[in-house]
Amino acid sequence: MGGTLKARGAGGSSGCGGPKGKKKNGRNRGGKANNPPYLPPEAEDGNIEYKLKLVNPSQYRFEHLVTQMKWRLQEGRGEAVYQIGVEDNGLLVGLAEEEMRASLKTLHRMAEKVGADITVLREREVDYDSDMPRKITEVLVRKVPDNQQFLDLRVAVLGNVDSGKSTLLGVLTQGELDNGRGRARLNLFRHLHEIQSGRTSSISFEILGFNSKGEVVNYSDSRTAEEICESSSKMITFIDLAGHHKYLHTTIFGLTSYCPDCALLLVSANTGIAGTTREHLGLALALKVPFFIVVSKVDLCAKTTVERTVRQLERVLKQPGCHKVPMLVTSEDDAVTAAQQFAQSPNVTPIFTLSSVSGESLDLLKVFLNILPPLTNSKEQEELMQQLTEFQVDEIYTVPEVGTVVGGTLSSGICREGDQLVVGPTDDGCFLELRVCSIQRNRSACRVLRAGQAATLALGDFDRALLRKGMVMVSPEMNPTICSVFEAEIVLLFHATTFRRGFQVTVHVGNVRQTAVVEKIHAKDKLRTGEKAVVRFRFLKHPEYLKVGAKLLFREGVTKGIGHVTDVQAITAGEAQASMGF
């Protein structure tokens, strides 16, 4: 305690002169670097901890520090960032070399006690009214959570056709640079016509792992997906979406159904914002998915062309519809700052410029992905886990010797091997009983699935013909409600003429995708582009499971709109059969 007081005393000059000293300090530092003299004050929750110094703590103090580290790791779901040399109010004090070494030694002991590793992210010099050079060190603490549930971030990959999405993912996950003709992407394609045309038409998943020391774990050493999962403390699951306009419905399904934590928007340096880029950007904004931008193919262009593309992006991001703060990442220091600010403020949009052929600035993207903290806090996940089980069915397969397998995301609750659930609604509005035989996450076996996690569930000999995308598997106690008619508050983003009763659109709500007809527009006869209204829709084919408050996106040709569900007219299975004409 005495050490802290002494450091604070040394910090200001004397009495009321303190603030002046700090201001002067800020100006001095401005001459050296762009670092502000303050950080935001330390928050009680979250995974960031400020420590002025950790020099030779007593045993009691050490135990307290370890407890504090456990709390921060829990808040960050297995990750925490320690700022050494910073006061709780955010003032950058800094430490002399000897004190910093002793503090890092203590931090290492604390991390060992909780079964974690520490990695120094960066060091910064500060001027703090002292002749001795003083530094601040930023340290990443990461552990494999006790129950072997690694930290998993889902990143949707968006961008125009031919911007290099699959190639970039191939380079990141395979560990080998591209040859300039698309060799790196071949392992990612699922269909023959994709290999022949070089264009993605389906949704594929690729994984990139980081171990507790922040080193990349990928396929480069002939590892299998199972080995990558076992060696990783943090997994980035890339959802590779289609860039061609023809496959826009697949891209929308990927964004609404797979619940990505954030999106990577890829823009080719030589073409700039072209084709479906604006549309993908609009989708991310409409669905409130935070995104960062990667400008690819910088090896093909002159420096001036790359700069022009970056300026074009900055202009678009600052427009009233976006309200984003672009942040160009040119150094490792920028990448660390970008990852932290991106998690704290949804308005910050980092921009990377790189090449999948020369490998230029590829490491900066890896640094960013390694440090990027979970974008949902542990409290929200705890609340979701307390609720009853609800699993969205996004994919259906038949696997030899396993039987029917469904892929999707657990929206709420906990799912274990052997659980009895009900799945539906079927075409006639019923829910059918089934048993979860086994669970796999990122292609490796898993006993327990928690809210927010994506997985595949084996259902044994359950008849695949009874399943379809858009269904839910829920706990039998939930008594799920279904509907054919629902109301939503919408904004019409674009329509060539007027939007009126009887118009048919494809509605996307989570994993539900079905054609619906407009039955009524409340308080209006028709809608024009940019107008808001509450609209009643009716599904044409079969009833669906919807929840009030769910985000909604609808489209038909060039017509597009967004909104949220405000009311669901619940019906029984018998009513569903009557309304659908069974």
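Cut-offs applied
- Residues numbered from 1 in each chain as written.
- Predicted model: local features only at pLDDT ≥ 70, side-chain atom pairs only at ≥ 80, totals over all residues.
- Heavy atoms only, no water.
- pLDDT = per-residue confidence, 0-100.
- Helix = DSSP H or I, 4+ residues; strand = E, 2+ residues; numbered from the N terminus.
- Contact = heavy atoms within 4.5 Å.
- Patch = residues over 30% accessible without salt bridge, like charges linked within 9 Å, V, L, I, M, F, W, Y side chains within 5 Å.
- Areas by Shrake-Rupley, 256 points an atom, 1.4 Å probe, with all protein chains shown as cover.
- Salt bridge = Lys/Arg side-chain N within 4 Å of Asp/Glu carboxyl O.
- Buried < 20%, exposed > 50% of the residue type's maximum accessible area, 1.4 Å probe, protein only.
- Pairing = 2+ DSSP bridges.
- Axes fitted to C-alpha atoms, helices over the stretch in contact; angles between N-to-C directions.
- Left-handed = near helix turned anticlockwise from the far one by under 90°.
- Nonpolar A, V, L, I, M, F, W, Y, C, P; charged D, E, K, R; others polar.

### Side note on the confidence of the model for the protein chain
Right, on to step 1. For the protein chain, the average pLDDT comes to 83, and 84% of its residues sit at 70 or higher.
Right, on to step 2. For the protein chain, per-element mean pLDDT is lowest for helix H1 (residues 2–11), which scores 35, and highest for strand E12 (residues 348–353), which scores 96.
Right, on to step 3. Here residues 1–34 is modelled with pLDDT under 50, and outside its nearest four sequence neighbours on either side it reaches 26 contacts, counting other chains as well.
Right, on to step 4. Contacts of residues 188–201 to residues separated by more than four positions or lying in other chains number 37 contacts, the stretch itself having pLDDT below 50.

### Here's the deal with a nonpolar patch on the surface
Right, on to step 1. A cluster of nonpolar side chains, Leu493, Phe494 and Val558, forms an exposed patch at the surface whose accessible area comes to about 270 Å².
Right, on to step 2. Tracing the sequence through the fold places Phe494 in strand E23 (residues 482–494).
Right, on to step 3. The class for Phe494 is partly exposed, based on a relative accessible area of 40%.

### Quick look at the side chain of Arg72
Right, on to step 1. Its place among the elements puts Arg72 in helix H3 (residues 59–75).
Right, on to step 2. Its relative accessible area of 3% is what places Arg72 among the buried residues.
Right, on to step 3. Each residue touching Arg72, except ones within four places of it in the same chain, is listed here: Glu42, Ala43, Glu44, Asp45, Gly46, Asn47, Ile48, Glu49, Glu79 and Ala80.

### Some thoughts on the sheet that holds strand E9 (residues 262–268)
Right, on to step 1. Ordered in space as E7-E6-E8-E5-E9-E10-E12-E11, the eight strands form an open sheet in which the pairing is mixed. With one partner strand each, in any of the chains shown, strand E7 (216–217) and strand E11 (325–329) form the two edges of the open sheet.
Right, on to step 2. In this structure, E11 lies alongside E12, joined through five bridges in parallel fashion. Across the sheet, the residue bridging to Met327 is Pro350, located in E12.
Right, on to step 3. Each of strand E5 (151–159), E9 and strand E10 (291–296) touches helix H9 (residues 277–286); the most contacted strand, E9, lies at about 165 degrees to it.
Right, on to step 4. In the packing of helix H11 (residues 332–344) onto the sheet, the strands contacted are E9, E10, E11 and E12, and the crossing angle to E11 comes to about 150 degrees.

### Examining the packing of H11 against helix H12 (residues 362–371)
Right, on to step 1. Between H11 and H12, the least distance of the axes is 8 Å, while the angle of their chain directions is 35 degrees. Along this stretch, H11 crosses H12, giving a crossing that reads as right-handed. On the side of H11, the interface is formed by Glu332, Ala335, Val336, Ala338, Ala339 and Phe342, while H12 contributes Leu364, Val367, Phe368 and Ile371.
Right, on to step 2. Of the residues assigned to the contact of H11 with H12, the class counts are nine nonpolar, no polar and one charged.

### Notes on the sheet that holds strand E2 (residues 79–84)
Right, on to step 1. With mixed pairing, the four strands of this open sheet are ordered in space as E1-E2-E4-E3. The two strands at the open ends of the sheet, each matched to only one other strand, are strand E1 (48–51) and strand E3 (116–126). Neighbour to neighbour, the strand axes of the sheet diverge by 20 degrees on average, direction disregarded.
Right, on to step 2. Bridging between E1 and E2 involves four bridges; their strand directions are parallel.

### Topic: unusual backbone geometry
Right, on to step 1. Here the bond from Gly424 into Pro425 is cis, since omega is -5 degrees, no more than 30 degrees from zero.
Right, on to step 2. Topologically, Pro425 is positioned in the loop between strand E16 (420–424) and strand E17 (432–435).
Right, on to step 3. Unlike most non-glycine residues, Ser361 shows phi in positive territory, near 60 degrees.
Right, on to step 4. Along the chain, Ser361 turns up in the loop between E12 and H12.
Right, on to step 5. Given a relative accessible area of 28%, Ser361 falls into the partly exposed group.
Right, on to step 6. Phi is positive for Asn479, which is not a glycine, with a value near 50 degrees.
Right, on to step 7. Structurally, Asn479 is set in the loop between strand E22 (472–474) and E23.

### Overview of helix H5 (residues 165–174)
Right, on to step 1. Across the 10 residues of H5, 10 count as buried, placing the element largely inside the fold.
Right, on to step 2. Among all positions of H5, only Lys165, Ser166, Thr167, Leu168, Leu169, Gly170, Val171, Leu172, Thr173 and Gln174 are buried.

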